[in-house]
Amino acid sequence: MTDFAFSPPPQASLAIADSAQRFPIRRVFCVGRNYAAHAREMGNDERDPPFFFMKPADAVVDAAGEIPYPPLTQDLHHEVELVIAIDKAGRDVAPENALDLMFGCAVGIDLTRRDLQDVAKKAARPWEWAKAFDASAPIGAIVPTSHDRTGNGLIWLSVNGKMRQEGNLGDMIWNVAEIIAAASRSVALAPGDLIMTGTPAGVGALQPGDRVEAGIDGIGTIAFSIAPRD
Ligand code: MN
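Residues numbered from 1 in each chain as written. Predicted model: local features only at pLDDT ≥ 70, side-chain atom pairs only at ≥ 80, totals over all residues. Heavy atoms only, no water.

Visitor: Can you tell me about unusual backbone geometry, naming the residues and giving the values?
Guide: Even without being glycine, Asp92 reaches a positive phi, approximately 50 degrees. Checked against the element boundaries, Asp92 lands in the loop between strand 8 (80-86) and helix 2 (95-98). On the accessibility criterion, Asp92 (59% relative accessible area) is exposed. In the Ramachandran plot, Ala135 falls in the positive-phi region, its phi being about 60 degrees despite a non-glycine side chain. Within the fold, Ala135 resides in the loop between helix 4 (128-131) and strand 11 (137-139). (Helix = DSSP H or I, 4+ residues; strand = E, 2+ residues; numbered from the N terminus. Buried < 20%, exposed > 50% of the residue type's maximum accessible area, 1.4 Å probe, protein only.)

Visitor: So, the sheet that holds strand 14 (residues 162-168): which residues are in play, and what are the values?
Guide: Here we have five strands laid out as an open sheet, ordered 6-18-17-13-14, and mixed in their pairing. Looking along the sheet, the strands with just one partner apiece sit at the ends: strand 6 (66-67) and strand 14. Where strand 13 (residues 154-159) lies against strand 14, six bridges are found, and the strand directions are antiparallel. Among the inter-strand pairings, Leu154 is bridged to a residue of strand 14, identified as Asn168. (Pairing = 2+ DSSP bridges.)

Visitor: Explain the side chain of Glu81 to me, using residue names and the numbers behind them.
Guide: Along the chain, Glu81 falls in strand 8. With no salt bridge to any partner, buried Glu81 finds its closest opposite charge in Lys131, at an N-O distance of 5.6 Å. At 2.9 Å, the side chain of Glu81 forms a polar contact with the backbone nitrogen of Gly198. Setting aside anything within four residues of it in sequence, one finds Glu81 in contact with Ala106, Val107, Gly108, Asp110, Ile155, Met196, Thr197, Gly198, Thr199 and Ile216. (Lys, Arg positive; Asp, Glu negative; His and termini not counted. Salt bridge = Lys/Arg side-chain N within 4 Å of Asp/Glu carboxyl O. Polar contact = N/O pair within 3.5 Å; in protein donor to acceptor, adjacent residues only side chain to side chain. Contact = heavy atoms within 4.5 Å.)

Visitor: Please provide a residue-by-residue account of the coordination of the manganese ion, values included.
Guide: Within the protein, the manganese ion binds to Glu79 (OE), Glu81 (OE) and Asp110 (OD); these donor distances fall in the range 2.0 to 2.2 Å. Read N to C, the donor residues that coordinate the manganese ion are spaced as E-x1-E-x28-D. In this pair, Glu81 sits in strand 8 while Asp110 sits in the loop between strand 9 (102-109) and strand 10 (112-113), placing the two residues 29 residues apart along the sequence. For Glu81, a relative accessible area of 1% puts it in the buried group. (Donors = N, O, S within 2.8 Å, 3.2 Å for Na, K, Ca; no water.)

Visitor: Which residues make up the pairing of strand 4 (residues 52-55), and what are the values?
Guide: Residues of strand 4 alternate between two faces, with Phe53 and Lys55 buried on one and Phe52 and Met54 left unburied on the opposite face. By the bridge criterion, four bridges tie strand 3 (residues 28-31) to strand 4 in an arrangement that is antiparallel. Paired with Val31 across the two strands is Phe52, which belongs to strand 4.

Okay, here's the thing in structure tokens:
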């Protein structure tokens, strides 16, 4: 047994629907923009190819209970996203084989400190401080599926009962297979990897005390609250 200088951190993990087992998380890849209407609302050309950024594995938390309002921001935004869970290794995977790597799907939120992201974009700096903070990825239980059950379906998010985001997975610029294939050209995908696939239009600010609900047809719903500021 390796003699570590101190106890290794606990393994980040997510619930699996209808299972006592949990899904151990290795890395979290996120697609920057993947719905034409959201690309437009952020002032970008919808024909741009997809790009990726990352969150640390332990930024992922179960989407339940209270999620902390993070420090350093006055503009915490919600982005509801389809999350792909990978349980097989693969590199340079062709789109027609990409779904073989998939363990299942979940509903997740890419929480974003939008004010810090705006500063980073203007200064051509990395996005990590805007995207990779603690508890920045509340994600629901993973629904096992070995095929793309997500081709068409409503993806939505409401705050305090008011609909904020309403899109359709069929409007993704790059579909699930293409996203897995694209990621596998950059890194060797491995069991435990998650991919957050981008958000539809309607992103907006969350306040302490807000109740967030979100869902994707055929996958499920999540609900949590934003905790009071420390
Ligand atoms: Mn996002």
